[in-house]
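Understanding the architecture of this molecule
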Amino acid sequence: MEQNSALHPADIAEEISRLNKGEQHQEFMNYPLLDRLEIFSFLEVDVQYTLIKSMTEQELSELLNNLKPDTRNELLSELPDELIKYLINLLNEREKQMALELIGYKEDSIARLMTPMYVQVRPYYTVDDVFRHIKVFGRKAETLNFIYVVDEKNVLIDDLKIGQLLLSDGTTKISDLIDYNFAAIRATTPMEEAFEIFQKYDRSALPIITDAGVLVGIVTFDDVLDRIEDRDTEDIQRFGGMEELDLAYTKTPLLQLIQKRAGWLIILFFSEMLTASAMGFFEGELEKAVVLALFVPLIISSGGNSGSQAASLIIRAMALGELKLKDWWYVMKREVSSGLILGGILGAIGFLRILAWHFLGLYDYGQYWVAIGLTVAVSLLFIVLWGTLSGSFIPFILRRFGLDPATASAPFVATLVDVSGLIIYFTVAAFFLQGKLL
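Residues numbered from 1 in each chain as written. Predicted model: local features only at pLDDT ≥ 70, side-chain atom pairs only at ≥ 80, totals over all residues. Heavy atoms only, no water.

**Comments concerning unusual backbone geometry**
One non-glycine residue, Asn154, lies in the positive phi region at around 70°. In this structure, Asn154 sits in the loop between strand E2 (146-150) and strand E3 (156-161). Of note, the phi angle at Tyr180 is positive, near 60°, even though the residue is not glycine. Within the fold, Tyr180 resides in the loop between helix H10 (162-166) and strand E4 (185-186). (Helix = DSSP H or I, 4+ residues; strand = E, 2+ residues; numbered from the N terminus.)

Here's what the structure looks like:
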């Protein structure tokens, strides 16, 4: 493959990924170091791993010592422990200390995404001093949109937009520009909470501080966006009734893909056996009133659909931070109203369908067609209500026990409502048809 410096590093990374493993290293090393650093950050983890294994110690040392700290930290977090130790020892003392500090934070903390590459200044600097400082240290900075002001103990006291400095007189002191009003995230803050802070302040970058207020790094929005995409992908896969994939779908081996999907399918299959058991329990009623069997698919699918809808709404609202555990009663009240109205709509349609088919001669429901119609209508009302309540309440239960609400997948909710829906259906049928067809 010919080098094409006009291509974006992301496009070059795609071309390298298409090559076989023997050619990837050769092609990657054809580019200058600065280009390799950019290209490497766009490669998938498995391709990065392949390149690492094929590089010489000198090539690896050069790459790792010049990678952006957040990119390097993300790479190290994906590799086996023994390889991490080997790579850490290839770093110079400054980079090694930086990497060890980043890796020391909990896996779900926002500090895992931070980079120490930013520009910080002191309050006694003048605007001209700041621009001279930027020319010396700003080349490696992740972003120059904000300049961070710290005191002699490196405690963050403010941040200034670069535009504010550009519009100020060169002799103006930074202490005259700051107002001590800034947004920051504590290093130990879980990523989920940090995402909400980013959304709240609508910033391209936010500083990361310790509990004592010491500035230790910044996180940029592009890094947050990548992690949000990963999180949402995992949630969608779990919600579909499977384990999340470690790699992209196209790069996941077939056996691993089957393994990720088989577990939940088996669990749901055994759960659905309860539906068959419930049908068997009401076999006598079905023999007496075969007409009831005609509406079983309609009844249970309506409950499952309403439950899946509710679960989707609640899980997404939780992910966006719109709902907390304390909001469960508010949600229940809304979902009771929604379930009754939606169930009433479907119940009315079901009753009208039986009425129309009976009088048009499309099906003879016999002299008890009104009782059959009421059985279907009332069953739909209660089953849709139950499905809505189940789908909205299960995510709260899972969150209460520290589990991911996304595991309240649509198939899981649907299976639960299928079994309980049959019980509701035949209980209502016994009420309206006892002494008639039953």
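**Looking at helix H18 (residues 369-400)**
Along its 32 residues, H18 runs 46 Å from first to last C-alpha, staying within 8% of the 46 Å computed at 1.5 Å per residue. Phi for Gly402, located one or two positions after H18, is positive at around 80°. (Expected span 1.5 Å × (residues − 1).)

**Concerning the sheet that holds strand E1 (residues 120-121)**
Strand order in this open sheet of three strands is E1-E2-E3, and the pairing throughout is mixed. At either margin of the open sheet sits one strand with a lone partner, and together these are E1 and E3. The sheet contact formed by E2 and E3 spans five bridges and is antiparallel. Residue Val149 lies in a different strand from E3, and its bridge partner there is Asp158. (Pairing = 2+ DSSP bridges.)

**Section: the pattern of salt bridges**
On inspection of all chains with the given rule, the structure shows six salt bridges. Between Arg18 and Glu14 there is a salt bridge; the shortest N-O distance is 3.5 Å. Pair noted here: Arg18 and Glu14 are both in helix H1 (residues 9-18), with a separation of four residues, about one helical turn. A relative accessible area of 45% means that Glu14 is categorised as partly exposed. A salt bridge links Glu196 to Lys324; its shortest N-O distance comes to 3.5 Å. One end of the pair, Glu196, is in helix H11 (residues 191-201); the other, Lys324, is in the loop between helix H16 (296-319) and helix H17 (328-359), with 128 residues separating them in the sequence. Relative accessible area serves as the criterion here: at 26%, Glu196 is assigned to the partly exposed category. (Salt bridge = Lys/Arg side-chain N within 4 Å of Asp/Glu carboxyl O. Buried < 20%, exposed > 50% of the residue type's maximum accessible area, 1.4 Å probe, protein only.)

**A look at the side chain of Glu335**
Counting through the fold element by element, Glu335 comes out in helix H17. Here Glu335 occupies a buried position and makes no salt bridge, while the nearest side chain of opposite charge, Arg334, is found at 5.5 Å. When residues no more than four places from it in sequence are discounted, the contact partners of Glu335 are Ala310, Leu385, Thr388, Leu389 and Ser392. (Lys, Arg positive; Asp, Glu negative; His and termini not counted. Contact = heavy atoms within 4.5 Å.)

**Some remarks on a negative patch on the surface**
There is a patch of like negative charges on the surface, built from Glu74, Glu78, Glu107, Asp108, Asp222 and Asp226. Of all the secondary-structure elements, those providing two or more residues to the negative patch are helix H6 (69-78) and helix H12 (221-239). With respect to the secondary-structure elements, Asp222 resides in helix H12. With a relative accessible area of 45%, Asp222 lands in the partly exposed category. (Patch = residues over 30% accessible without salt bridge, like charges linked within 9 Å, V, L, I, M, F, W, Y side chains within 5 Å. Areas by Shrake-Rupley, 256 points an atom, 1.4 Å probe, with all protein chains shown as cover. Charge placed at Lys NZ, Arg CZ, Asp CG, Glu CD.)

**Comments concerning the UniProt feature "transmembrane region" (unreviewed entry) in the protein**
Here the UniProt feature "transmembrane region" (unreviewed entry) sits at residues 262-282, 294-315, 336-356, 368-398 and 410-433. From the first C-alpha to the last, residues 294-315 spans 34 Å; its make-up is 95% helix and 0% strand. Overall, residues 368-398 shows 97% helix and 0% strand. The separation of its end C-alpha atoms is 44 Å. (UniProt positions renumbered as here; feature names shortened; annotations may be inferred.)

**Topic: the environment of Glu95**
Looking at where Glu95 falls in the secondary structure, it is placed in helix H8 (residues 93-103). Taking the C-alpha atoms as reference points, Glu95 and Pro69, separated by 26 residues in sequence, lie 8.1 Å from one another. Each residue touching Glu95, except ones within four places of it in the same chain, is listed here: Asn65 and Arg72.

**Side note on the sheet that holds strand E6 (residues 215-220)**
Judged by pairing direction, the sheet is mixed, and its three strands sit side by side in the order E4-E5-E6 without closing on themselves. Each edge of the open sheet is held by one strand with a lone partner, namely E4 and E6. Sheet topology places strand E5 (residues 205-209) next to E6; five bridges connect them, and they run antiparallel. Its bridge partner being in E6, Pro207 is matched across the sheet by Ile218.

**Some words on the nonpolar core**
Membership of the largest hydrophobic core comes to 27 residues, with the highest contact counts inside it found for Phe28, Phe40, Leu64 and Leu87. Broken down by secondary-structure element, the contributors of at least two residues to this core are H1, helix H3 (33-42), helix H4 (45-54), helix H5 (57-66), H6 and helix H7 (81-88). In terms of residues, this core owes the most to one element, H7, which gives four residues. In this structure Phe28 touches Ile16, Arg36, Ile39, Phe40, Leu51, Met55 and Leu63, once residues within four positions along its chain are discounted. By size, the runner-up hydrophobic cluster in this structure holds 24 residues, among which are Ala311, Tyr365, Trp369 and Leu422. (Core = buried A, V, L, I, M, F, W, Y, C linked by side-chain atoms within 4.5 Å.)

**Topic: the packing of aromatic side chains**
The full count for this structure, using the stated rule, is ten aromatic pairs. Ring centres 6.2 Å apart and planes at 45° place the aromatic pair Phe198 and Phe221 in the tilted group. Here the residue Phe198 occupies a position in helix H11, and Phe221 occupies one in helix H12, the gap between them amounting to 23 residues. When its relative accessible area of 36% is taken as the criterion, Phe221 is described as partly exposed. On the basis of an interplanar angle of 65° and a centroid distance of 5.6 Å, the ring pair of Trp328 and Trp329 is categorised as edge-to-face. Within the aromatic cluster, the residues linked to one another by ring pairs are Trp328, Trp329 and Phe393. Over the aromatic face of Tyr49 sits the side chain of Lys53, whose NZ or CZ is 4.7 Å from the ring centroid. (Phe/Tyr/Trp six-rings, centres within 6.5 Å; stacked < 30°, edge-to-face > 60°. Lys NZ or Arg CZ within 6 Å of the ring centre and 35° of its normal.)

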